[in-house]
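Read off the chains here:
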Amino acid sequence: MAEKISFEAPRGMRDFYPADMAWRNKVFDAFRAAGEAAGFEPYDSCIVESYDLLARKAGEEVGDQIYHFFDKSERHIALRAEMTPTLARMVAARQKELSFPIKWTAIAQCFRYERMTKGRKREHYQWNLDIIGEDSVLAEVEVIGTAVDALRRMGLTTDDFKVRVSSRRFLSQLLADSGIAPEKHAQVFLALDKRGKMPDSEIAAMLRDGGLTEPEVEATFRIMETKSYEGSPELVELFRLAEVAGFADALVFDIGVIRGLSYYTGIVFECFDAKGEFRAIFGGGRYDNLLTTIGGEPTPAVGLGFGDVVVTELLKSRLGEDSVSRTGGIAVGFMTDSERDAALRLASRLRREGECVNLSLRSQKPKKFFSKAGESGALKAVFIGPDDVSAGVARMKDLATRQETELPL
Ligand code: HAM
């Protein structure tokens, strides 16, 4: 006997059965519609990248989470953990031809060998929005506003979520004002990003390891109590423009938003559900130096990644597990095999006319046909019996209103 293989997907990977696919489509449809409505152009690439492009600075968690291997020609290959390095590579490759600023979007499958917790898988789809070649805060406003629009299209309101915003530039300035040298700031960011995930005593130890003196560690914790963004002109402008655009009620200032990726240079943000039950819905920020880091020309950039996992959990909890619509369209069935040709002919004709038609594959009793049609999410149903064939007319029933219309066979 053959050895029994597990029916489970590999740990952390997902199967999408039709009911799961209905949710995924709902989320992707909102991503695509919001991106298109705001003028972002779709792009794509392969999930496989060269490891060298993705290899990280020490201390960045995502570096340890990369799935990588050697191909048969000993090339060091990795599955992308995020889209941003690939985007930077693609832009650097065409830097002379592109006319900046560009606004690009993708839905990218990403792989991270994570410790599995609620909302974190080892594979997820991540909607990316990036504006490259623009210094002005309007770029941040457009990126965040588009993500907020997608959440609204999914059926959520600004009571359900909040985008927490800060600025690494502002935090750097506060640290420098306390006498902490700029070359220590990257280490400070990585340590502070762990706040809430580990005890402050461990964070203090990380800060000391990063070369901070005891008074500097204390000053850092005091800075983390900052409640006003008035000292940051870019944050003042961001909140003002969000007001103009009509989504200021979705924004809150939070000095504690740092982000775990080291390439961010300015404004950073993370979106959470308002009750604080789930992990981050999306995150992003300004990363003005990434292109030069990989050898491209200096180019300002801002963008975000918005995963499918957390938002789907949130939608199910707020809107209900069954709130997503299935197929729609018209169900066509027949009573005995003598009506099979007539049913196939009608289904084919309706499809040519542009309808979506689900034709039963077997003869059935009417009761069973109508109950299955309802379950499948069909909006209308036509059931053909011997009398309909001899009359040359069938009746199409609207399953919601129960109204019938006649169809020539
Ligand atoms: P990130 O914060 O690492 O940023 O990921 C962005 C979003 O992807 C998260 O907020 C979450 O929705 C989703 N996500 C990340 N990891 C997982 C996981 N293991 N399981 C489920 N969902 C996950 C970035 O990746 C940046 N590259 C975003 C960006 C684009 N910044 C500028 N442009």
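Anything mentioned here points back to the structure above.
Residues numbered from 1 in each chain as written. Predicted model: local features only at pLDDT ≥ 70, side-chain atom pairs only at ≥ 80, totals over all residues. Heavy atoms only, no water.

Enquirer: Explanation requested: the overall build of the protein in the structure shown.
Expert: Along the backbone of the protein there are 15 helices and 16 strands. Seen along its three principal axes, the alpha-carbon backbone of the protein occupies a region of about 95 × 60 × 45 Å. The 409 residues of the protein split such that 47% are buried. Look at the contacts in the protein between residues 6 or more apart in sequence, and 68% of them connect residues 24 or more apart. Total accessible area on the protein stands at roughly 21,200 Å², and carbon and sulfur atoms take up 51% of it. Across the protein, the centroid of the 56 positively charged side chains sits 6 Å from that of the 63 negatively charged ones. (Helix = DSSP H or I, 4+ residues; strand = E, 2+ residues; numbered from the N terminus. Buried < 20%, exposed > 50% of the residue type's maximum accessible area, 1.4 Å probe, protein only. Contact = heavy atoms within 4.5 Å. Areas by Shrake-Rupley, 256 points an atom, 1.4 Å probe, with all protein chains shown as cover. Lys, Arg positive; Asp, Glu negative; His and termini not counted. Charge placed at Lys NZ, Arg CZ, Asp CG, Glu CD.)

Enquirer: Just to check I follow, could you spell out the site of the ligand for this structure?
Expert: As a matter of local geometry, the ligand sits amid 25 residues, with Glu82, Thr84, Lys121, Arg259 and Tyr264 nearest to it. Here an oxygen atom of the ligand and a side-chain polar atom of Arg112 are 3.0 Å apart. Taking His124, its side chain carries an N or O atom lying 3.3 Å from a nitrogen atom of the ligand. Coverage of the ligand by the protein chains reaches 96% of its 660 Å² of free accessible surface. Taken together, the elements giving at least two residues each to the shell around the ligand come down to strand S6 (123-132), strand S10 (282-286) and strand S11 (301-307). Residues that form the shell around the ligand fall into these classes: nine nonpolar, nine polar and seven charged. (Near = heavy atom within 4 Å. Polar contact = N/O pair within 3.5 Å; in protein donor to acceptor, adjacent residues only side chain to side chain. Nonpolar A, V, L, I, M, F, W, Y, C, P; charged D, E, K, R; others polar.)

Enquirer: How should the pattern of salt bridges be read in this particular structure?
Expert: Close approach of charged atoms allows side chains with opposite charge to pair. Summed over all chains, the structure comprises 22 salt bridges. For Arg14, the salt bridge goes to Asp308, with nearest N and O atoms at 3.1 Å. Taken together, the residues span a long stretch of sequence, with Arg14 in the segment before helix H1 (18-37) and Asp308 in helix H12 (residues 308-319) at a distance of 294 residues. Taking relative accessible area as the criterion, Asp308 reaches 4% and is therefore assigned buried. Residue Arg349 is joined to Glu353 by a salt bridge in which the shortest nitrogen-to-oxygen separation is 3.7 Å. (Salt bridge = Lys/Arg side-chain N within 4 Å of Asp/Glu carboxyl O.)

Enquirer: Help me understand the sheet that holds strand S16 (residues 404-408), please; the structure alone is not making it clear to me.
Expert: Neighbouring strands of a sheet are bound in pairs by backbone hydrogen bonds; such pairs are parallel or else antiparallel. Strands sit in the order S13-S12-S14-S15-S16 across an open sheet of five strands; the sheet is mixed. Among the strands making up the open sheet, the edge pair consists of strand S13 (357-359) and S16. Each adjacent strand pair in this sheet contributes to an overall mean axis angle of 25°, direction not counted. Both strand S12 (residues 330-334) and strand S14 (residues 380-384) contribute to a ladder of five bridges, which runs parallel. Within the sheet, the bridge partner assigned to Gly333 lies in S14 and is Phe383. (Pairing = 2+ DSSP bridges. Axes fitted to C-alpha atoms, helices over the stretch in contact; angles between N-to-C directions.)

Enquirer: What should I look at first to understand the sheet that holds strand S3 (residues 68-70) in this one?
Expert: Strands sit in the order S2-S4-S3 across an open sheet of three strands; the sheet is antiparallel. Edge positions in the open sheet fall to strand S2 (48-50) and S3, since each of these has one partner strand only. Taking the axes of each pair of neighbouring strands and ignoring which way they run, one obtains an average angle of 35° across the sheet. Note: S3 against strand S4 (residues 76-79), three bridges, orientation antiparallel. Its bridge partner lying in S4, His68 is registered against Ala78.

Enquirer: Where do I start with the layout of surface pockets in this structure?
Expert: Any space left empty among the atoms is revealed by the rolling of a water-sized probe across them. Its boundaries defined by the atoms lining it, the second largest pocket holds a volume of some 450 Å³. Lining the second largest pocket are 26 residues; nearest its centre among them are Lys57, Ser262, Tyr263, Leu290 and Thr293. Mapped onto the lining of the second largest pocket, the elements with two or more residues apiece are helix H2 (51-54), helix H4 (84-93), helix H6 (168-177), helix H7 (185-192) and helix H11 (290-293). Its residues assigned to classes, the lining of the second largest pocket comprises 12 nonpolar, six polar and eight charged. (1 Å grid on protein atoms, 1.4 Å probe; cavity = no way out; pocket = protein on both sides within 12 Å on 5 of 7 lines; lining within 4 Å. Points joined across faces, edges and corners; volume = space filled by probe spheres on them.)

So, to be careful, I would describe these as geometric facts and stop short of saying anything about function.
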